[in-house]
Amino acid sequence: MLEFISRMLGKENATSKNVAKERLRLVLVHDRASISPYMLNKLKEDLIKVISNYMEIDESTLEVNLSQDDKEVALVANIPVLKMKRDFANK
Amino acid sequence: MGEVIVVTSGKGGVGKTTTSANLGTGLAALGQKVVLVDTDIGLRNLDVVMGLENRIVYDLIDVTSGNCKLKQSLIKDKRFANLYLLPAAQTKDKSAIDPEQMLKLCQELKKEFDYTIIDCPAGIEQGFRNAIAGADCAIVVTTPEVSAVRDADRIIGLLEAAELYNPKLIINRIKPVMVKRGDMMDISDILDILAIDLLGVVPDDESIVISTNKGEPAVMNKASKAGEAYRRMTDRIRGEEVPLMNLDIPDSFFEKFKKLIGMR
């Protein structure tokens, strides 16, 4: 019902076409960069390993994604830092 | 020297065979000498769409394996004397022919015909590689669905890897009512995503089912909307500038009212 009302009001986002476009966009980023969700997960694990040598990070909210605009694919990582490791800084 | 055009899509069931039959028949109706080649070995269908299934004697594999001469295998169309079909073999599989043999065959056909139209099987394996081996250019068929557009994107990448650049897109089975409602991706959405040139748009049309039932391509039916779309495409292939068909649906009273008061 809510969907129906928002459609009546002409809200674009409620349409299934936009759902299709967004899903396609995401799936094509992976297809075109030929990187599988499995590979992305491995990459995430390796990133955590390396970064943990230097700082304490919040693994539960860590985000690693491929993003694409026009013709470029970028690897975007959002890694919340909890603590720097003092011992490493002092070396 | 003629041109070899491969009609491909990746995904099955989006209308490659129907497209091949209609473009071939349409070009023949414009006076061009055309041959349609069915490369879907084991699952041939172009013969039934063309209504020529009862006339098959030899097939593609008979030609490449030397069982018959190329001329013997070509089936003349019922309607146009300048239109021929080279059917696929039904009892073999895709490995019965290789890309090199296909390339040689296409080079032979090119000498004789203005347009050689190759109906490609679904998939990206050997059947696809055979079909594109001798092609000069490609037409990619898709429908406004996530799965079909995704596969089209993959095929465009594979065509480029095979040095078949600038493929042309056909968007098949568009339903203007659903597009208007926002429940189907429209032409610009798909072109945005795939970023290739558009050859044409075919509206979803019951007359395609009827024409396939009868074995008479819709392009010959003046009353068919899909047929009109194919006629425009054949004109474009011949180098004419033809506008897209108008698929817009006029606004209802309520929609006009919404626009008037600025709700849209």
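Further up the page is the structure itself.
Residues numbered from 1 in each chain as written. Chains lettered and ligands numbered in written order. Predicted model: local features only at pLDDT ≥ 70, side-chain atom pairs only at ≥ 80, totals over all residues. Heavy atoms only, no water.

**Considerations on the side chain of N82(B)**
Residue and element names in this part refer to chain B.
- Assignment of secondary structure puts N82 in the loop between β3 (75–76) and β4 (83–86).
- Here Q32 takes part through its backbone oxygen, which lies 2.8 Å from a polar atom of the side chain of N82.
- In this view, N82 contacts A28, G31, Q32, K33 and V34; residues no more than four positions away in its chain are not counted. (Helix = DSSP H or I, 4+ residues; strand = E, 2+ residues; numbered from the N terminus. Polar contact = N/O pair within 3.5 Å; in protein donor to acceptor, adjacent residues only side chain to side chain. Contact = heavy atoms within 4.5 Å.)

**Details of unusual backbone geometry**
All names here are of chain B.
- Positive phi, close to 50°, is recorded for N166, a residue that is not glycine.
- One can find N166 in the loop between α7 (146–161) and β7 (168–174).
- On the accessibility criterion, N166 (58% relative accessible area) is exposed.
- A positive phi angle is found at A195, which is not glycine, with a value near 50°. (Buried < 20%, exposed > 50% of the residue type's maximum accessible area, 1.4 Å probe, protein only.)

**Some words on the pairing of β4(B)**
Residue and element names in this part refer to chain B.
- Residues L83 and L85 point to one face of β4 and Y84 and L86 to the other, with burial holding for every one of them.
- Pairing of strand β2 (residues 34–38) with β4 involves 4 bridges; the strand directions are parallel. Looking at β4, one finds that V37 is bridged to L86.
- Of the pairings in the sheet, the one linking β3 to β4 comprises 2 bridges and is antiparallel in character. What sits directly across from I75, in β4, is L85.
- Linkage of β3 to β4, two consecutive antiparallel strands, is achieved through a turn of 6 residues. (Pairing = 2+ DSSP bridges.)

**Points about the sheet that holds strand β8 (residues 197–203) of chain B**
Residue and element names in this part refer to chain B.
- Spatially, the 8 strands line up as an open sheet ordered β3-β4-β2-β5-β1-β6-β7-β8, and their pairing is mixed. Of all strands in the sheet, those bounded by a partner on one side alone are β3 and β8.
- Direction of pairing for β7 relative to β8: parallel, over a ladder of 5 bridges. Residue pairing across strands places K168 opposite D197, the latter belonging to β8.
- Contacting β1 (3–8), β2, β4, β5 (115–119), β6 (137–142) and β7, helix α1 (residues 16–29) crosses the sheet at an angle of about 165° to β5.
- Contacts from helix α5 (residues 99–112) reach β1, β2, β4 and β5, with the element oriented near 145° to β5. (Axes fitted to C-alpha atoms, helices over the stretch in contact; angles between N-to-C directions.)

**Some points on the interface of chain B and chain A**
- With 17 residues of chain B in contact, the opposing surface of chain A contributes 14 residues.
- Carbon and sulfur atoms make up 57% of the area that chain B and chain A hide from each other, which totals about 1,500 Å².
- If you look at where chain B meets chain A, you find 5 salt bridges.
- D189(B) serves as the salt-bridge partner of K17(A), at 3.1 Å between the closest nitrogen and oxygen. (Buried area = accessible area lost by both parts, 1.4 Å probe. Salt bridge = Lys/Arg side-chain N within 4 Å of Asp/Glu carboxyl O.)

**Some points on the packing of α7(B) against helix α9 (residues 187–194) of chain B**
Residue and element names in this part refer to chain B.
- Across the interface, α7 lies against α9 with an axial gap of 10 Å and an inter-helix angle of 35°. Note on packing geometry: the crossing formed by α7 with α9 is right-handed. Packed against α7, whose contacting residues are V149, A152, D153 and I156, the element α9 presents I190, I193 and L194 at the interface.
- Residue composition of the contact of α7 with α9, by class: 6 nonpolar, no polar and 1 charged. (Left-handed = near helix turned anticlockwise from the far one by under 90°. Nonpolar A, V, L, I, M, F, W, Y, C, P; charged D, E, K, R; others polar.)

**Side note on the packing of helix α2 (residues 16–32) of chain A against α9(B)**
- Where α2(A) contacts α9(B), the axes come no closer than 11 Å and their chain directions differ by 10°. One way to sum up the angle between α2(A) and α9(B) is to call them roughly parallel. Note on packing geometry: the crossing formed by α2(A) with α9(B) is right-handed. Along the contact surface, α2(A) presents K17(A), K21(A), L24(A), L28(A) and R32(A), while α9(B) presents D189(B), I193(B) and L194(B).
- Of the residues contributing to the contact of α2(A) with α9(B), the split by class is 4 nonpolar, no polar and 4 charged. (Parallel < 35°, antiparallel > 145°, perpendicular 65-115°, else oblique.)

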